[in-house]
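Close look at the chain arrangement
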Amino acid sequence: MGESTAKTMDHRSGGVPTRSIDSRDIDGAPAGRLLAPRRPRLWFEILLIAVSYWIYSLVRNAVPEQQDDAMRNASHVWGLEHSLGLAFEHAVNHAVNSVTWLIVGMNYYYATLHFIVTLAVLVWLFRKHPGRYAPTRLVLFVTTGIALLGFYFFPLAPPRLMEGGGFVDTVRIHHTWGSMASGDLAHVSNQYAAMPSMHIGWSLWCGITIAMLAQRAWVRVLGVLYPVATLVVIVSTANHFWLDAVGGSLCLGVGFAASWAVYGGLAYRLPRQVRVAAV
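Here is a short report on the structure shown in this document. (Residues numbered from 1 in each chain as written. Predicted model: local features only at pLDDT ≥ 70, side-chain atom pairs only at ≥ 80, totals over all residues. Heavy atoms only, no water.)

**A few points about the nonpolar core**
By size, the foremost hydrophobic cluster in this structure holds 34 residues, and its most contacted members are Val121, Leu125, Phe151, Met198, Trp205, Cys206 and Ile234. At the level of secondary structure, the elements contributing two or more residues to this core comprise helix H5 (100-128), helix H6 (130-153), helix H8 (198-213), helix H9 (217-236) and helix H10 (242-263). Element by element, the count of residues in this core is highest for H5, at 8 residues. Ignoring anything within four residues of it in the chain, the contact list for Leu125 reads Pro130, Tyr133, Thr136, Trp205, Thr209 and Leu213. Core analysis: the second largest hydrophobic core is formed by 16 residues, Ala74, Val77, Leu156 and Met162 among them. (Core = buried A, V, L, I, M, F, W, Y, C linked by side-chain atoms within 4.5 Å. Buried < 20%, exposed > 50% of the residue type's maximum accessible area, 1.4 Å probe, protein only. Helix = DSSP H or I, 4+ residues; strand = E, 2+ residues; numbered from the N terminus. Contact = heavy atoms within 4.5 Å.)

**Some remarks on a nonpolar patch on the surface**
A surface patch of nonpolar side chains, about 790 Å² in accessible area, is lined by Trp43, Phe44, Leu47, Val51, Trp54, Ile55, Leu58 and Val59. Along the polypeptide, Ile55 turns up in helix H2 (residues 42-62). (Patch = residues over 30% accessible without salt bridge, like charges linked within 9 Å, V, L, I, M, F, W, Y side chains within 5 Å. Areas by Shrake-Rupley, 256 points an atom, 1.4 Å probe, with all protein chains shown as cover. Salt bridge = Lys/Arg side-chain N within 4 Å of Asp/Glu carboxyl O.)

**Topic: the packing of aromatic side chains**
Tallying each qualifying case throughout the model produces 8 aromatic pairs. Consider the rings of Phe88 and Trp242, whose centres lie 6.5 Å apart with planes at 15 degrees: the pair is stacked. With Phe88 in the loop between helix H3 (67-84) and helix H4 (89-97) and Trp242 in helix H10, this residue pair connects regions lying 154 residues apart in the sequence. Since its relative accessible area comes to 36%, Phe88 is described here as partly exposed. On the numbers, 6.3 Å between centres and 40 degrees between planes, the contact of Tyr109 with Tyr226 is tilted. A residue pair is termed long-range when its members are at least 10 positions apart, and Tyr109 in helix H5 and Tyr226 in helix H9 qualify at 117 residues. Here Tyr109 matches Tyr226 in class, with each residue buried. Ring pairing ties together the aromatic residues Trp78, Phe167 and Phe241, which thus form one cluster. When the ring centre of Phe141 is taken as reference, the NZ or CZ atom of Arg137 above it lies at 5.7 Å. (Phe/Tyr/Trp six-rings, centres within 6.5 Å; stacked < 30°, edge-to-face > 60°. Lys NZ or Arg CZ within 6 Å of the ring centre and 35° of its normal.)

**Examining the pattern of salt bridges**
Going through the model one piece at a time under the given rule, you end up with 4 salt bridges. Residue Glu45 pairs with Arg137 through a salt bridge whose shortest N-O separation is 2.7 Å. In this pair, Glu45 sits in helix H2 while Arg137 sits in helix H6, placing the two residues 92 residues apart along the sequence. For the pair shown, Glu45 and Arg137 are each scored as buried. Of the charged contacts in the structure, one is a salt bridge between Asp169 and Arg160, with a shortest N-O distance of 3.6 Å. On the accessibility criterion, Asp169 (10% relative accessible area) is buried. Sharing partners across several salt bridges, the network here consists of Arg160, Asp169 and Arg172.

Here it is in C-alpha cells:
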C-alpha cells in the first residue's frame, strides 16, 4: 500500500493547499508533542466550556473572603507601586469618573465584554481555525486555572474597597447594572479575588489570538487595542491595580507554555485545518 498524504491549509492562503504532509506526520506525534489537534465537536465544546466556567465560578467564590489579609495585601501592593513611582490608579480613577458618560460606558464594558468577546473568539476559532482551536483553548483554560491559585493564596482587595484609599466605586456611584464587582450583585462574587486580573488574562488572550490569526489588518489592530482598552477600564473603574494586570499576563504565559508542551509548538503556528489522512 502506497504512502498516503494530506494537505494543510495556510491561514493566509485563503484555503489554497500549500504543501503535502506524509502520513507519518499525520498519525505519529513528533518529539515533544503529547497530543495532536483533533476536529472539535460542538456539543462537547459547549458542555466543556459551560462546566468549566461553572467550576471556575464555584471555586473562585468558595475561596474564603479573607478581608483582613485582602486589605493588608492591598496596602502592600499600593505601597510597592508608590515605591516604583507608578501609583497612578487614584488619579486615573478620579479623572475618568468626572466624565459621566465615559465612566458609565467603562462600567458596562467591564461587566459585559469580558464574556462576550472571549466567547466570540472561541466561536471564531471553532469555525475558522479548527486545527488551532484545542491548543488555543487550552491556553485559556490553564490561564484561568492558575488564576484560581492566586485568588486562594493571595486574597487582594481591589482599589475601590481599600480602606483609606480614597478611590471611587464607579458602579455604586453611577448605579450601573450587571457588574458582580460591586452593587446589587456583589454578594454572589468574591470581592477579594483581584490578583491576578482575569479581565487582563482573557482580553490579552483574545487580543493575541486575533492579532495572530485575523486576515484583515484593521481587525488585527482591534485585537491589539482590546487588552490595552481593558487595562484602562480596570484601572479607571478601580477594580484592579495595574500590578493585577501583570499577574494576569504571567498566568497567560504559563498557559502558552502548557499548550506548547502538550501540542509541540505555538498554537497559532499549527495547521489551520485538522489533518485528515487520505484513505
